[in-house]
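Each chain, letter by letter, is given below.
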Amino acid sequence: MMTGTTLNILIGGEAGQGLVTIGQILAKSLVRSGYSIVVTQSYQSRIRGGHNTFSIRVGSDEVIAPTESVDLLVALDTDTSALHRNDLLPNGLVVLDSALGIGGEAFLKVPFEELAQGRFSNIAALGVVGWLLGLDEGLMARTLDDFFGKKKLQVVQENRRVLAAAAGWSGAHATSSHKLPAVPDAPRRLMMNGNEAIALGALSAGLRFYSFYPMTPSTSVGLNLAAEAKKLGLIVEQAEDEIAAINMAIGASFAGAPSMVGTSGGGFALMVE
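Fair warning: this is a prediction, and the values are worked out from it, not measured in the lab.

*Asks:* Help me out: how do you make sense of the sheet that holds strand β9 (residues 259-262) in this one?
*Replies:* Adjacent strands of a sheet pair through backbone hydrogen bonds, lying either parallel or antiparallel. The three strands are arranged β8-β7-β9 in an open sheet whose pairing can be described as parallel. Where the open sheet ends on each side, the last strands, each with one partner, are β8 (235-238) and β9. In this sheet, adjacent strand axes meet at a mean angle of 15 degrees when their direction is disregarded. Examined bridge by bridge, strand β7 (residues 209-212) and β8 share four bridges and lie parallel to one another. Its bridge partner being in β8, Y210 is matched across the sheet by V236. Taken strand by strand, helix α8 (residues 219-232) contacts β7, β8 and β9, and its axis lies near 145 degrees from that of β7.

*Asks:* Looking at this structure, how should I read the packing of helix α5 (residues 137-148) against helix α6 (residues 153-173)?
*Replies:* Describing two packed helices takes the angle between their axes plus the distance from one axis to the other. One can describe the packing of α5 onto α6 by two numbers: an axis separation of 10 Å at closest approach and a directional angle of 150 degrees. When the axis of α5 is compared with that of α6, the two are roughly antiparallel. The crossing of α5 and α6 is right-handed. In contact with E137, M140, A141, R142, L144, D145 and F148 of α5, α6 contributes V156, N159, R160, L163, A164 and A167. For the contact of α5 with α6, a count of residues per class yields eight nonpolar, one polar and four charged.

*Asks:* Looking at this structure, I do not really get the pattern of salt bridges. What am I missing?
*Replies:* Pairing between side chains becomes possible if they bear opposite charge and their charged atoms approach one another. Throughout the structure, instances matching the rule amount to four salt bridges. With a shortest N-O distance of 2.9 Å, R32 and D146 are connected by a salt bridge. Taken together, the positions of R32 in helix α1 (residues 19-32) and D146 in helix α5 put the pair 114 residues apart, joining distant regions of the chain. Look at R32 and you get partly exposed, because its relative accessible area is 37%. R160 is the partner of D145 in a salt bridge, and the nearest nitrogen-oxygen pair spans 2.7 Å. Here D145, found in helix α5, pairs with R160, found in helix α6; they are 15 residues apart in sequence, far enough to count as distant. In this structure D145 comes out as partly exposed when scored by relative accessible area, which is 22%. Look at R160 and you get partly exposed, because its relative accessible area is 36%.

*Asks:* How should I be thinking about the packing of aromatic side chains in this particular structure?
*Replies:* Geometrically, a pair of aromatic rings is defined through the distance of the ring centres and the angle of the planes. Per the counting criterion, the structure on display carries two aromatic pairs. Ring centres of F147 and F148 lie 5.1 Å apart, and the angle between their planes is 85 degrees; on these two criteria the pair is classed as edge-to-face. Taking NZ or CZ as reference, K179 lies 4.1 Å from the ring centre of W131, over its face.

*Asks:* How should I be thinking about helix α9 (residues 242-254) in this particular structure?
*Replies:* Each α-helix turn comprises 3.6 residues. Residues three or four places apart therefore point the same way. Counted at 1.5 Å a residue, the expected span for α9 with its 13 residues is 18 Å, and the 19 Å between its end C-alpha atoms agrees. Of the positions making up α9, those classed as buried are E242, A244, A245, A249 and A252. For α9, the buried positions fall inside an angular range of 160 degrees around the axis, keeping them on one side. If you follow the buried residues of α9, they end up packed against β7, β9 and α10 (265-272). Residue D241 occupies the N-cap position of α9, its side-chain oxygen lying 3.1 Å from the main-chain nitrogen of I243. Positive phi appears at G256, one or two residues downstream of α9, with a value of about 100 degrees.

About the cut-offs
Residues numbered from 1 in each chain as written. Predicted model: local features only at pLDDT ≥ 70, side-chain atom pairs only at ≥ 80, totals over all residues. Heavy atoms only, no water. Pairing = 2+ DSSP bridges. Helix = DSSP H or I, 4+ residues; strand = E, 2+ residues; numbered from the N terminus. Axes fitted to C-alpha atoms, helices over the stretch in contact; angles between N-to-C directions. Contact = heavy atoms within 4.5 Å. Parallel < 35°, antiparallel > 145°, perpendicular 65-115°, else oblique. Left-handed = near helix turned anticlockwise from the far one by under 90°. Nonpolar A, V, L, I, M, F, W, Y, C, P; charged D, E, K, R; others polar. Salt bridge = Lys/Arg side-chain N within 4 Å of Asp/Glu carboxyl O. Buried < 20%, exposed > 50% of the residue type's maximum accessible area, 1.4 Å probe, protein only. Phe/Tyr/Trp six-rings, centres within 6.5 Å; stacked < 30°, edge-to-face > 60°. Lys NZ or Arg CZ within 6 Å of the ring centre and 35° of its normal. Expected span 1.5 Å × (residues − 1). Arc of directions from axis to C-beta. Polar contact = N/O pair within 3.5 Å; in protein donor to acceptor, adjacent residues only side chain to side chain.

Structure follows, in structure tokens:
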């Protein structure tokens, strides 16, 4: 059962291990099941390697802030267990690959290599966590299909097979004290991150021109706006640097177009110099 009124799930691993995929599909499945969530991400500024985390705090009632204590720790590598084991609550559980060769009383060692091959191992982790939380397997499978869109039929079928295999393994080898209470008449909600909310708010306010230099974590504001640009008559320009982006927006505003510029701390600090 949940600690208090919420439960905190922390997924950790190296960039490139698919932990964000697990987190995003799990988060959407939770929202579609009627729960309220708050997501916190921590990641290194590189494509592969470095310790990354995806945390989901979930509850039946409104959740408005993250928390540091962990109920369910999904460790895709040994560093995650070492770094976050002390954050685990007394009734907490660590889910990890049995091949990592570590364990303890609070560890659920899952044979990911038996359940999935290669790049599908993160789907096996997703299936185990979904079972532990008591989520509907059919709902998770549909969310998985939606997330990957129009992939090859073979990929879709393998995703579903691995998800079912992981749930079946969990039913035979695990017990769970972390099942979420069902939400009757689950409300339909939009799930979005902060940058998606910024883009939607700007469009609602009448934005017509957006210029930016891509730098994490602001880049997806421009990408979300660009996806809707043709349909909504919006111009999105990627500039060569932040100063050029600002000058473009100033010029567009002088011409009467509601304009906006996105940047990140690093880009702003560099150009202020």
